[in-house]
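Listed below, chain by chain, are the residues.
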Amino acid sequence: MRLAILGGGQLAWMLALAAEPLGVSVAVLEPSPDAAAGRIADHVIAAYDDPAGLDEVSAGADVVTYEFENVPTAAVTRLAERGIPVLPFPGSLTVTQDRMREKELMAALGIRVAPHAAIDSPADAAAALAAVGVPGILKTRRLGYDGKGQVRVATADALPAAIAELGGTDLIYEGLVSFTRELSVVVARGTDGSTAVYPPVENEHRDGILSLTLAPAPNLSPALIEQAQSAALKVAESLDHIGVLCVELFDTPAGIVANEIAPRVHNSGHWSIEGAVTSQFENHVRAVLGLPLGDPSVRGVAAMVNIVGTEPELAALLALPGVSVHTYGKAPRRGRKLGHATIVADSAEALAAPLAQVRALADAAWDA
Ligand code: AMP
């Protein structure tokens, strides 16, 4: 079998690593010549909407998938014209490319979301403030990532300037949710509608970038697990999503509030490579190729620490018990994800010491 992937970064690289033992060959379409996935997959160097590149990457492929949600419509159309299945279906992209549609979908499914209002011109500010109030957070509806394209709004007077700063149109204004922690749930859904849902995990961010994931999230009640997992399952089912999807959630004293949907493998699921029986990457490959899904259960407890900015000394990380390192081969740059380390242990107690040491090394590298 052969899989084509739009995008050739670290997510495509980890998908290709998971595909390899299954005997599935991989081709990626990626304009950057030194992208991570190019190390192990056939690499077509062209823009994501380049017709010749799309034809070449999909030649002989059973299915085309993607590692990011901002897939150009032109690419999907070209592949459809060639009769190559694109999974997840393009409908998953249409909804998740737009924060407003995402929120409308989740609200319609009975999943709580923050109060929100669309802002298409500066004149919408007053109505948005009346509906949502302050404090709030103004976001671009499209193309935001890692906290980019967002402005916090503390007082009503500050909203017009924030709107101007973000371009005046195509924005969403949300009420600021007072949460105790951030959670996420990754789910895989197969072509036959079967699902494999991972346990809710707890995420910490630094400078708007994921820094730590604890899997499973500590102190989960059965009710919270049910609420969080059923939100992810409902979203996957309503989109007829095939492949992996992640829902990001806020944990609040009144229950969970959903924030956003990623229609793809997600950074908060990287722990599953060593920490789960079947990783999110393997389950995505299985799902889009119509193969049975694997077991999403955790082996003990796991933590994932992102390596951002510069890389800690490899030997220092590998000297710690239960630690695995994944290096994406990217040049160091402030705020850039260069890799991640996963720690797996039998218990939270056994995890604590190596996790603290990995975090200290990663924190120092982040600031270096
Ligand atoms: P996002 O790009 O929507 O994932 O937002 C990035 C981060 O900003 C989230 O992980 C939260 O920490 C924070 N954030 C986003 N939206 C809200 C909100 N409505 N209330 C409180 N915090 C938020």
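Residues numbered from 1 in each chain as written. Predicted model: local features only at pLDDT ≥ 70, side-chain atom pairs only at ≥ 80, totals over all residues. Heavy atoms only, no water.

A. Structural detail: the pairing of strand S12 (residues 209-215). Burial runs high along S12: seven of the seven residues are buried. With five bridges connecting them, strand S11 (residues 201-206) and S12 associate as antiparallel partners. Paired with Glu-202 across the bridge in S12 is Leu-214. The turn joining S11 and S12, which pair antiparallel and follow one another in sequence, is formed by two residues; a positive phi near 50° is taken by Asp-207. In this structure, S12 lies alongside strand S15 (residues 301-308), joined through four bridges in antiparallel fashion. Within S15, the residue paired with Ala-215 across the bridge is Ala-302. (Buried < 20%, exposed > 50% of the residue type's maximum accessible area, 1.4 Å probe, protein only. Helix = DSSP H or I, 4+ residues; strand = E, 2+ residues; numbered from the N terminus. Pairing = 2+ DSSP bridges.)

B. Structural detail: the sheet that holds strand S2 (residues 25-29). Pairing in this open sheet of four strands is parallel, and the strands run S3-S2-S1-S4 from one edge to the other. The strands lining the two open edges of the sheet, one partner per strand, are strand S3 (42-44) and strand S4 (63-66). Pairwise comparison of adjacent strand axes, ignoring direction, gives a mean angle of 25° for this sheet. By the bridge criterion, four bridges tie strand S1 (residues 2-6) to S4 in an arrangement that is parallel. Within the sheet, the bridge partner assigned to Ala-4 lies in S4 and is Val-64. (Axes fitted to C-alpha atoms, helices over the stretch in contact; angles between N-to-C directions.)

C. Inspection of the packing of helix H1 (residues 10-19) against helix H10 (residues 280-288) at higher detail. Interhelical geometry of H1 versus H10 gives an angle of 75° and a closest axis separation of 8 Å. The angle between the axes of H1 and H10 places the two elements in the roughly perpendicular class. Residue-level contacts link Leu-11, Met-14, Leu-15, Ala-18 and Ala-19 of H1 to Phe-281, Glu-282, His-284 and Val-285 of H10. In the contact of H1 with H10, the residues fall into seven nonpolar, one polar and one charged. (Parallel < 35°, antiparallel > 145°, perpendicular 65-115°, else oblique. Contact = heavy atoms within 4.5 Å. Nonpolar A, V, L, I, M, F, W, Y, C, P; charged D, E, K, R; others polar.)

D. Local environment of the site of the ligand. With respect to spatial proximity, 16 residues lie near the ligand, and among them Lys-139, Gln-150, Val-177, Glu-182 and Glu-260 are the closest. Side-chain polar atom of Lys-139 to an oxygen atom of the ligand: 2.8 Å apart, as the coordinates give it. A total of 470 Å² of accessible area belongs to the ligand in isolation, and the protein chains cover 91% of it. Every element with two or more residues in the shell around the ligand is listed here: strand S6 (136-140), strand S7 (150-153), strand S8 (171-175), strand S13 (243-252) and strand S14 (255-262). By residue class, the composition of the shell around the ligand is five nonpolar, four polar and seven charged. When residues of the shell around the ligand are assigned to domains, at least three map to each of domain 2 (115-175) and domain 3 (181-367). (Near = heavy atom within 4 Å. Polar contact = N/O pair within 3.5 Å; in protein donor to acceptor, adjacent residues only side chain to side chain. Areas by Shrake-Rupley, 256 points an atom, 1.4 Å probe, with all protein chains shown as cover. Domains from an automatic or database assignment.)

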